[in-house]
Amino acid sequence: MDGDNIYDLFNPIDEFILDIEDSYPSIRPLLAHYTNLTTAEEILKRNEIWLSNPLFMNDYEEVRFGVNNGLNLARQNENLKQALSTNENLNIFSNFLDDHYHQYDNSDDEKDVFNTYIFCLSEHEDKNSDGLLSMWRGYGDTGRGVALVFDTSKIKPIHNSPLILGKVSYGSQEDRIKKLTELISSFADILKSNNLLSRNDLFYSAWALFERIKIFALFTKHNGFHEEQEWRLVYRPELDHANQFKTMKSYFNGPNGIEPKLKLQFDLLNKMLPEPLEFEEIIHRIIIGPSSASVLSERSTKLMLEMIGKQNLVPKVSSSSTPFRSK
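(A) Broad picture of the pairing of strand β10 (residues 257-265). In this sheet, β10 lies alongside strand β2 (residues 48-52) in antiparallel orientation, the contact comprising five bridges. The residue of β10 that forms the bridge with tryptophan 50 is lysine 263. Here six bridges tie strand β9 (residues 249-254) to β10, and the two strands are oriented antiparallel to one another. Directly across from tyrosine 251, in β10, lies its bridge partner proline 260.

What follows is the structure in structure tokens.
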């Protein structure tokens, strides 16, 4: 079997990563992206969605926690040891797993962590015209930024896309370790039932397990963050077989210096959508942060939209009434 066929054999363990019935496209909620005014202007002006690299994110340690613990649990898992049947197979599999990890974490390969990108959003209720205070504090420029609210019901799923939109699950360290253990044990059952013990099988099986551990790490966080109600749009370079998104890799020179970005150009993405639509159609609302909220700032934001040719978004602008002012 080739690598893709072996990878697909393990699709049943995906239930430990994302709840299919509680993620896109089964549900299509409103999702808010909190950001500063400069970034929001560029996104709206250029019809782009800016995905960030996890190495530059505040919670990258959460991702590293998932990956490192997943690999350690795989090495210790008794079900996996039994499925591999011999110490030789165990050593070969473990070495392949380590190789995939080092390629992801340390190499200059096109599929490493430097080429993985994430767009963070927060689930948003339609009647909420203020946004979430914790999100303003943490991500909305201390209340001076804006929240761009996207309507995912407008977007049809793209078959075989390297983009995954899913809901983040929260748990204690113990909860996440338990779930990783269950994932690895289920992986071992599939490995054993399909007798995947040739060197080629072990290489691609190790890859299939590592990819699942990586996605698990990207879509899980400590339950201390649960009030963020986070969703993530994740670009997985290993699934971009046609390099459709490679030309969208860019950078942003901001207050923290130069950071890599995947600037998802909606005009190019539109060509992949089953039903094309305008970028403005997926913008449900633009909320001005509570620290900047005023009649003057609202009028100025509407002027900015008119100046960049986004007149259709003007009626969607409102100001947060949350009584919060940054120091």
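(B) Spotlight on the environment of leucine 121. Considering the arrangement of structural elements, one finds leucine 121 in strand β3 (residues 117-124). Remark: the alpha-carbon pair of leucine 121 and histidine 33, spanning 88 residues in sequence, is separated by 4.7 Å. With residues up to four places along the chain from it excluded, the contact list for leucine 121 reads Leu31, Ala32, His33, Phe150, Leu165, Gln229, Glu230 and Trp231.

(C) Here's a closer look at unusual backbone geometry. Here the amide bond leading from tyrosine 24 into proline 25 is cis, since omega sits at 5 degrees, within 30 degrees of zero. Counting through the fold element by element, proline 25 comes out in the loop between α1 (3-9) and β1 (30-35). Its identity is not glycine, yet serine 85 carries a phi of approximately 70 degrees, on the positive side. Looking at where serine 85 falls in the secondary structure, it is placed in the loop between α4 (78-84) and α5 (87-106). We note that asparagine 243 has phi near 55 degrees; this positive angle belongs to a residue other than glycine.

(D) Quick look at the pairing of strand β11 (residues 283-288). Buried residues dominate β11, accounting for five of its six residues. Strand direction decides the pairing type here: strand β4 (residues 146-151) and β11, joined by five bridges, are antiparallel. Paired with valine 146 across the strands is isoleucine 288, a residue of β11. Pairing of β11 with strand β12 (residues 317-319) involves three bridges; the strand directions are parallel. Bridge pairing in β12 places isoleucine 287 opposite serine 318. Handedness of the crossover joining β11 and β12 through helix α11 (residues 295-307): right-handed.

(E) Highlighting the pattern of salt bridges. All told, the structure shown has 19 salt bridges when counted by the stated rule. For the salt bridge of lysine 45 with glutamate 41, the shortest nitrogen-to-oxygen distance reads 3.7 Å. With a gap of four residues between them, lysine 45 and glutamate 41 both fall in helix α2 (residues 37-46), about one helical turn apart. We classify lysine 45 as partly exposed; its relative accessible area is 38%. We classify glutamate 41 as partly exposed; its relative accessible area is 28%. Put simply, glutamate 42 and lysine 45 hold a salt bridge, and the shortest N to O gap is 3.7 Å. Residue glutamate 42 and its partner lysine 45 are both found in helix α2; the two are separated by three residues, about one turn of the helix. In this structure, a network of salt bridges that share partners links the residues Glu41, Glu42, Lys45 and Arg46.

Reading guide: rules and limits
- Throughout, a residue's number is its position along its own chain's written sequence, starting from 1.
- In keeping with the model being predicted, local features are shown solely for residues with a pLDDT of at least 70 and side-chain atom pairs are shown and tallied solely at 80 or more, while totals for entire chains, interfaces and linings include all residues.
- With hydrogens and water stripped out, all remaining heavy atoms of the structure feed into the side-chain values.
- Two strands are said to pair when DSSP picks up at least two bridges between them.
- Every helix listed is a DSSP run of H or I at least four residues long, and every strand listed is a run of E at least two residues long, numbered separately from the N terminus.
- Residue contacts follow a heavy-atom distance rule, with two residues in contact if any of their heavy atoms lie within 4.5 Å.
- Any residue under 20% of the maximum accessible area for its type is buried, any over 50% is exposed, and the rest in between are partly exposed; the area is computed with a 1.4 Å probe on protein chains only.
- Call a crossover right-handed when, viewed with both strands pointing away from you, the route from the first strand across the helix to the second goes clockwise.
- Here, a salt bridge means any side-chain nitrogen of Lys or Arg that lies within 4 Å of a carboxyl oxygen of Asp or Glu.

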